[in-house]
Amino acid sequence: MLTNELNAPESRRLLKVIDDMRETLHYEKISLPHIVVVGDQSVGKSSVLEALSGVQLPRAQSICTRCPLELRMKNILSTEPEYATIRCEGITRNAIGGQSKTIYKDIVQLIEHYIKPQTAIVLHVIPSSVDFTTSESIQLAKNTDPNCERQLIAVSKIDKFDKGIGEKLQGIGPGSMALKLGCVAVLNRTEEEIDQNIPFDEMRRREQQFFRSHKAFEDVPERYLGSGQLVKRLALIQQERIRSTLPSIIDELKKEIKSKKSEMKQMPRQVTSEMDCWALYTDLIKKYREIINARVHGVYENEIQLKIEVPVVETTDWSRKATLTQMSNDQFDERIAFQLYNRQKECKEKLHNSFTHFSSSGYQKLVLKLLEENAGVALPNFPSFSIIERLYRAEQSKFRKPCEDLIQSYIEYLKVILIIILNQVFAEETSYKYQIIHRLTDIILRAIDESEERCSNDIKKMLEIEERVFTLDPYYMDTVNKIKKKWQEYHDSVKLNGNTKVPSTFTINDFVINVSGLSNEHQAALDVQIAMSAYCRVVERRIVDQVSQLCYYWFINRCALVLDSKLSSAFTSAILFEWMREPFDQQQKRENLKKSTDAMERALVMGQNA
C-alpha cells in the first residue's frame, strides 16, 4: 500500500512536514502538494483509492461514493491499528434523491478548483475500453495543464480490455495518450469479491496472476501493470512534487502573512474598554489638532498626507449646512495659511477698487461744486474741512462689503476644510464613526458661527472708528509732498522749455494729474483730490490689516486652533465607548486574521525547517 511505499526516512520526513502544514493550514487558501483522483461516474475511482490505501470505503446500491472525498493516510506505530482519515464535503453526473439539479455543473467546478494549483497531481481513472483522449476529466485538466505534465492515468476495469491494450498503456496507438507521468493498469474488485470481503493482499495476488495469464500483457513492462506499480509511481511523484513546490509554497506563505498583517494594521484600533476608547479618542483629537496647526502655519509636506474628498456635512441645524457642490476647488485645498492669505489679498483688491477715481474729471467737477458752495466760509486756498468729511463719508459707505465678503469667505472655507480633516482622521480609526463625526461636526460649525458673530461685532466697531478722518501715518503726507514736488518740477520745466516741450499730465501713486492751464479754483480742487486720494489709501491699508487680523484672531486663534478643547469634552466615556467599540463583524474579522496569520507563520516555520 501507499503508506508502506512512503515509509523511507526521507519520504516520511517530507510527508510529515506537508501533513503537519496541511493540518495547520486546513482553513487557509494555500495549496499544498496533493493527488486529485478524478473520473466519470462509476469508472472505479473508489476501487483505486481502496487499492492505494487498503481501506474499504462505504457502499450502497452498487455505487460507492457520491460525494467529494478527502483521504489522508498516516504511518503510525506498528503496535497501533492502522486507520485512515476520510473527509467528505460527490463525483457524479446524474442527480438522485433530492440532489441539486445542477450537480453536474457543481462537480465540474469543484474538479477545476482542485486540479488548478501547480501543486496538484491529477490521477485520472479511465476504463480500459475508453478512448483516453475523449475522457472528460482529461479535457478539464488540459485547461490548467495544457502540456499534461501533472497528469497520469489509472486504467481501471482492465479485465474488459480491448485489442491493443499493451500499446495503449505505453502511449502508443489509437485511443492512447503519451503522458509524462504515464499510465498504470489496475484490476478492480468485482461485486462478488466485495461481497465476500476478499482481503486486499489477496486481491493484489489475483491482480498479478491476471496480468501473467493474459498474452496481451506479455510484452508490457512491469511498471505499467498493477496497483503496486501505481503505488510506487505515486510515491516517487509525490516526493518529487514536494521537493519542487516547497520553495514556492514558502514564498506564498510569506506573501500571505505580509498581506494579512498589512490588512490588520489598516484596521481601526481595537477598542475593548472605556479606557481604550478614551485613549483612542484622545489620540484622534490630538492628531486633528496637529494637522490643523501644521496647515495654519504653512506646513504642508509633513508625514500626514490627507486624501481630499468632499465630505457630507451633517448637522441638525439646516441653516448651517454648506452647499458643497457649488464651491470652487479652493474650498477643498488643505493649505490653510495659503488660502487665508489669498482671501486677504482679494479683500484688499475689492476695497481698493471700491474707491472713486479721484483724478477723474467727473470727480474734479464734484469738488469744484463743493468749493463753490463753500465760498465765503474759508479762504480760497484753504477749503473747509467739512468738504473733506462730506467726500469721505461717500467713500466710507463702501468699506463694509469687502469686509463682510472676507468674513463669509473665511466661514465657507473653514466649514469645509475643518470637516474634511475631521473625516479623514476619524475614518482611519473608527468603524461606527457616523454618530461621532455627526456630533463633532455640529460642534465645529457652532464654533465657527460663534466666531463669526464676535468677528462681525469687532469689524463693525472698527468701521465706526473709521468714521473719523484722522491719521498719523506718514504715507499721507509723503504722498501729498511727492505730488507737490512733481508739480514744482513741472513748473520749472515749463519755464525752461516752454509748454510745447512738456507733457500736460503726470502720474504718481496711481494719481493722474492734468496740469495744463490750472486756474486758482482748479488748483484748490486738485489739493482736495490729492488729499482724498492719499487719505483713502491710508484707510485702505489700515482696514485691510485690521480686518485680516480680526478674522485671523477669531476664526483661527480663537476657533480652529482651540477646537480640540471643545471636542475633547463632547462626550462622556460611556457614550463614547458605546459608539466606538468594535462591532461584532469587525471583531470576527480581526480574530480570523490573527488565527490565519498564526497558522501561516507556524506552517512557514515547518516548511523552512524541512
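Small disclaimer: the values here were computed from a predicted structure and weren't measured.

Asks: Please explain the overall build of the protein as it appears in this structure.
Replies: Counting its regular elements, the protein contains 20 helices and 8 strands. The burial tally for the protein puts 44% of its 610 residues in the buried class. A total of about 33100 Å² of accessible surface is found on the protein, and carbon and sulfur atoms cover 50% of it.

Asks: Would you mind going over the pattern of salt bridges with me for this structure?
Replies: Side chains that differ in sign of charge can pair as their charged atoms come close. For the coordinates displayed, the defined rule picks out 20 salt bridges. In this structure, Asp 405 and Lys 401 form a salt bridge, with 2.9 Å as the shortest nitrogen-oxygen distance. You can see Asp 405 and its partner Lys 401 sitting in helix H14 (residues 400–427), 4 residues apart, about one turn around the helix. Using a relative accessible area of 21% as the deciding quantity, one classes Asp 405 as partly exposed. Taken together, the salt bridges that share partners define one network made up of Glu 193, Glu 202, Arg 205 and Arg 206.

Asks: How should I be thinking about the sheet that holds strand E4 (residues 120–127) in this particular structure?
Replies: For sheets, the rule is that strands pair by backbone hydrogen bonds, running either parallel or antiparallel. With parallel pairing, 4 strands are arranged side by side in an open sheet as E1-E4-E5-E6. At either margin of the open sheet sits one strand with a lone partner, and together these are strand E1 (34–38) and strand E6 (183–185). With strand direction ignored, the average angle separating the axes of adjacent strands in the sheet is 25 degrees. Helix H3 (residues 45–53) contacts E1, E4 and strand E5 (151–156) of the sheet and is inclined by roughly 120 degrees relative to E4.

Asks: Quick question: what am I supposed to make of the pairing of E1 here?
Replies: Two faces, one strand: in a regular strand the side chains alternate between the faces of the sheet. Judged by how many residues are buried, E1 sits mostly within the fold: 4 of 5 residues are covered. Sheet analysis places E1 next to E4, joined by 5 bridges and oriented parallel. Within the sheet, the bridge partner assigned to His 34 lies in E4 and is Ala 120.

Asks: Mind showing me how you'd approach the packing of aromatic side chains here?
Replies: Any aromatic ring pair is given by two values, namely how distant the centres are and how the planes are angled relative to each other. Taken as a whole and judged by the stated rule, the model has 16 aromatic pairs. Seen from their ring centres, Phe 210 and Phe 211 are 5.4 Å apart, and the 75 degrees between their planes marks the pair as edge-to-face. Here Phe 210 and Phe 211 have matching classes, each one buried. One aromatic cluster in this structure is built from Phe 355, Phe 358, Tyr 363, Tyr 392, Phe 399, Tyr 476 and Tyr 535. Sitting over the ring of Phe 132, Lys 168 keeps its end group 4.5 Å from the ring centre. The ring of Tyr 475 is capped by Arg 541, whose NZ or CZ atom sits 4.4 Å from the centre of that ring.

Asks: Sorry if this is basic, but what is going on with the environment of Leu 179 here?
Replies: Within the element layout of this structure, Leu 179 appears in the loop between helix H6 (165–169) and E6. By relative accessible area, Leu 179 is classed as buried at 10%. On a C-alpha basis, the gap between Leu 179 and Ile 153 in space is 8.3 Å, while along the polypeptide they are 26 residues apart. When residues no more than four places from it in sequence are discounted, the contact partners of Leu 179 are Cys 148, Gln 151, Leu 152 and Ile 153.

Asks: In this structure, what is going on with unusual backbone geometry? I would like to understand it.
Replies: Apart from glycine, the bulk of residues carry a negative phi angle, and the bulk of peptide bonds sit in the trans form. Although it is not a glycine, Cys 148 sits at a positive phi angle of roughly 55 degrees. Residue placement: Cys 148 occurs in the loop between helix H5 (136–142) and E5.

Asks: Before we go on, may I ask you to explain the nonpolar core in this structure?
Replies: Nonpolar side chains in soluble globular proteins generally cluster together in the buried interior. Counting residues in each nonpolar core, the largest one holds 78 residues, and the members touching the most others are Tyr 281, Tyr 288, Leu 418, Phe 426, Leu 440 and Ile 459. Sequence-distant contacts of Leu 440, defined by excluding residues within four places in its chain, comprise Tyr 281, Leu 422, Phe 426, Leu 567, Ala 570 and Phe 571. Core analysis: the second largest hydrophobic core is formed by 20 residues, Ile 126, Ile 165, Met 177 and Ala 185 among them.

Asks: In this structure, what is going on with the pairing of E4? I would like to understand it.
Replies: In terms of burial, E4 is a largely internal element, 8 of the 8 residues being buried. Alignment of E4 against E5, held across 6 bridges, turns out to be parallel. In the strand pairing of E5, Leu 123 is matched with Leu 152. For the crossover that starts at E4, traverses H5 and ends in the parallel E5, the hand is right-handed.

Asks: Explain the environment of Lys 365 here, please?
Replies: Looking at the secondary structure, you find Lys 365 in helix H12 (residues 361–373). On a C-alpha basis, the gap between Lys 365 and Ala 525 in space is 8.5 Å, while along the polypeptide they are 160 residues apart.

Asks: Sorry if this is basic, but what is going on with the confidence of the model for the protein here?
Replies: In low-pLDDT segments, the atomic positions of the prediction should not be examined closely. The predicted model of the protein has a mean per-residue pLDDT of 84, with 82% of residues at 70 or higher. Confidence drops under a pLDDT of 50 for residues 303–327, and excluding neighbours within four residues, the segment shows 50 contacts in the predicted structure.

Asks: Is there a simple way to explain the packing of H12 against helix H17 (residues 520–557) in this structure?
Replies: Think of two packed helices as two axes; the pair is described by the angle between the axes and how far apart they sit. Put simply, H12 and H17 touch, their axes get as near as 9 Å, and they point 115 degrees apart. Classed by the angle they form, the pair H12 and H17 counts as roughly perpendicular. The way H12 lies across H17 gives a crossing that is right-handed. Between H12, through Tyr 363, Gln 364, Val 367, Leu 368 and Leu 371, and H17, the contact on the second element is made entirely by Glu 521, His 522, Ala 524, Ala 525, Val 528, Gln 529 and Met 532. Residue composition of the contact of H12 with H17, grouped by class: 8 nonpolar, 3 polar and 1 charged.

Asks: Mind showing me how you'd approach helix H10 (residues 274–296) here?
Replies: Residues three or four positions apart in an α-helix share a direction because the helix packs 3.6 residues into each turn. An ideal rise of 1.5 Å per residue puts 33 Å on 23 residues; H10 measures up with 33 Å between its terminal C-alpha atoms. All of the buried residues along H10 are Cys 277, Leu 280, Tyr 281, Leu 284, Ile 285, Tyr 288, Ile 291, Ile 292, Ala 294, Arg 295 and Val 296. Buried-residue contacts for H10 involve helix H11 (336–354), H14, helix H15 (434–465), H17, helix H18 (563–568) and helix H19 (573–580). Gly 298, located one to two residues past H10, shows a positive phi value of around 80 degrees.

Cut-offs and rules
- For every chain, the first residue of the written sequence is number 1, and numbering continues from 1 along that sequence.
- Selection of residues for local features in this predicted model requires a pLDDT of at least 70, selection of side-chain atom pairs for listing and counting requires 80 or more, and totals for whole chains, interfaces and linings are taken over all residues.
- To get the side-chain values, take all heavy atoms of the structure and skip hydrogens and water.
- Elements are defined by DSSP. Helices are runs of H or I of four residues or more, strands are runs of E of two residues or more, and each kind is numbered from the N terminus.
- Exposure categories follow from relative accessible area, calculated using a 1.4 Å probe and restricted to protein chains: below 20% of the type maximum is buried, above 50% is exposed, and the middle band is partly exposed.
- The accessible surface values rely on the Shrake-Rupley method and a 1.4 Å probe; as for residues, cover is taken only from the protein chains in view.
- Any Lys or Arg side-chain nitrogen found within 4 Å of a carboxyl oxygen on Asp or Glu counts as a salt bridge.
- Pairing between strands is defined by DSSP: at least two bridges between the two strands are required.
- Only the stretch in contact is used when a helix axis is fitted, and all axes are lines through C-alpha atoms; the angle between N-to-C directions ranges over 0 to 180 degrees.
- Every residue pair with non-hydrogen atoms within 4.5 Å of one another is taken to be in contact.
- Centres within 6.5 Å are what make two rings of Phe, Tyr or Trp a pair, Trp counting through its six-membered ring; a difference in plane orientation under 30 degrees is then read as stacked, over 60 as edge-to-face, and the rest as tilted.
- Two limits define a charge over a ring: the Lys NZ or Arg CZ must be within 6 Å of the ring centre, and within 35 degrees of the ring normal.
- Each nonpolar core is a collection of buried residues, namely Ala, Val, Leu, Ile, Met, Phe, Trp, Tyr and Cys, held together in the definition by side-chain atoms within 4.5 Å.
- We call a crossover right-handed when, viewed with both strands directed away from the observer, the connection leading from the first strand over the helix to the second proceeds clockwise.
- Along the chain, pLDDT gives the predictor's confidence residue by residue, from 0 to 100.
- Each angle gets one of four labels, with under 35 degrees taken as roughly parallel, over 145 as roughly antiparallel, 65 to 115 as roughly perpendicular, and the rest as oblique.
- Whether a crossing is left-handed or right-handed is set by the direction in which the near helix is turned from the far one by less than a right angle, anticlockwise for left-handed and clockwise for right-handed.
- Any residue outside Ala, Val, Leu, Ile, Met, Phe, Trp, Tyr, Cys, Pro, Asp, Glu, Lys and Arg is labelled polar, Gly included; the first ten of those are nonpolar and the last four are charged.
- A helix is expected to span 1.5 Å for every residue after the first.

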